[in-house]
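# Descriptive structure summary
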Amino acid sequence: MSAPLLLCDTPGLLYRGFFGLPDSIKGAEDRPVNALLGSVNMTLWCIEKYQPRAVVMCFGQESATYRVEAYPDYHAARPEMPEDLRWQWERAPALYEALGWTVLGHDDLEADDLMGSFAALEAESGGKAMILTADRDMFQCATDDVTILLQKARQQGPDEVGPEQVKEIYGIEPSQVPDFIALRGDPSDGLPGAKGIGAKTAADILQRKGDLEHAILGAIREKPSVRKSLIEQAAELRMFRDIATLRAVALERPEDRSTDNEGGAAAAEELGLNRLAKRLRGES
């Protein structure tokens, strides 16, 4: 089996490190470096376990322009980035590149769109891909060739999620995830979903109807409360599904590239991440 391509939700990793590790972890400028440390440590954990052929650290817009234009409340409730995190965010790309990892962002779309596009390209090219994220929206990418590495709180490593696991968790196929999000909603993204339709009802509708469009067309056969939501919110639900659907980005397949432990160690030392530098050099 060929080595997989590891795709990382870099914004998610940085936020997770920032809020999950104490801000008493400080570097050379006496500023917190917890986000940098957390993001690198989690990526190294996956590298050590899965031995990927290359690593891509994906950035992007906080909120894709077209999504906000379609629905202004998309991501509206998310707070401003803390200054201590912003300082680390600005230094993250250079650290990742020193480690030999590819860093790529997008001016209009989000990191999720990049990861989904890289994963599809890798599968089309006959390879395997792994997506490291805490965002269940990425379940729509799960196939026999694409595994979601789902991060969970208070857990050392991520769970491996493929098509069968998506069915176990939600009761639907990966391809139905955008329809599911449209119906159930997604509080983290500010999408309310259909009124009165929760996860169980959304899964039941999709199991019977296949997709949102057929659910709307057959709304007359649903119980009154569901029928009302599907008919009255039809246009809005279609918009939610479009927002939840990842956009394809034209990309080039990354070349094989090993992690540069020494380069990463030198960059870590400059930031005052001395324990990370020792880890990369294999020192105790």
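Computed from a prediction, not measured in an experiment: that's the story for all the values here.

Before going further, it helps to examine the overall build of the chain. If you tally the helices and strands in the chain, you get 13 helices and 6 strands. Seen through its C-alpha atoms, the chain measures out along the principal axes to roughly 65 × 45 × 35 Å. The buried share among the 284 residues of the chain stands at 49%. Accessible surface, the chain as shown: approximately 13600 Å² in total, 48% of it carbon and sulfur.

Glancing now at the environment of Leu5. The residue Leu5 is located in strand β1 (residues 5-9) in this model. Taking the C-alpha atoms as reference points, Leu5 and Arg53, 48 residues apart in sequence, are found 5.6 Å from one another.

A few words on the UniProt feature "domain: 5'-3' exonuclease" (unreviewed entry) in the chain. The UniProt feature table records "domain: 5'-3' exonuclease" (unreviewed entry) at residues 3-259. Between the end C-alpha atoms of residues 3-259 there is a gap of 14 Å, over a span that is 46% helix and 10% strand.

A few words on the pairing of β1. With respect to burial, β1 is a largely interior element, 5 of its 5 residues being buried. Here β1 shows a buried face lined by Leu5, Leu7 and Asp9 and a second buried face lined by Leu6 and Cys8. Across 4 bridges, β1 lies against strand β4 (residues 129-133) in parallel orientation. Bridging from a neighbouring strand, Leu5 pairs with Ala129 of β4.

What follows concerns the environment of Glu269. Mapping Glu269 onto the fold places it in helix α12 (residues 261-270). Once the C-alpha coordinates of Glu269 and Gly27 are considered, the two residues, 242 residues apart in sequence, prove to be 8.9 Å apart. Not counting residues up to four positions away in its chain, the partners in contact with Glu269 are Asn274, Ala277 and Arg281.

So, how was this worked out
- Residues numbered from 1 in each chain as written.
- Predicted model: local features only at pLDDT ≥ 70, side-chain atom pairs only at ≥ 80, totals over all residues.
- Heavy atoms only, no water.
- Helix = DSSP H or I, 4+ residues; strand = E, 2+ residues; numbered from the N terminus.
- Buried < 20%, exposed > 50% of the residue type's maximum accessible area, 1.4 Å probe, protein only.
- Areas by Shrake-Rupley, 256 points an atom, 1.4 Å probe, with all protein chains shown as cover.
- UniProt positions renumbered as here; feature names shortened; annotations may be inferred.
- Pairing = 2+ DSSP bridges.
- Contact = heavy atoms within 4.5 Å.

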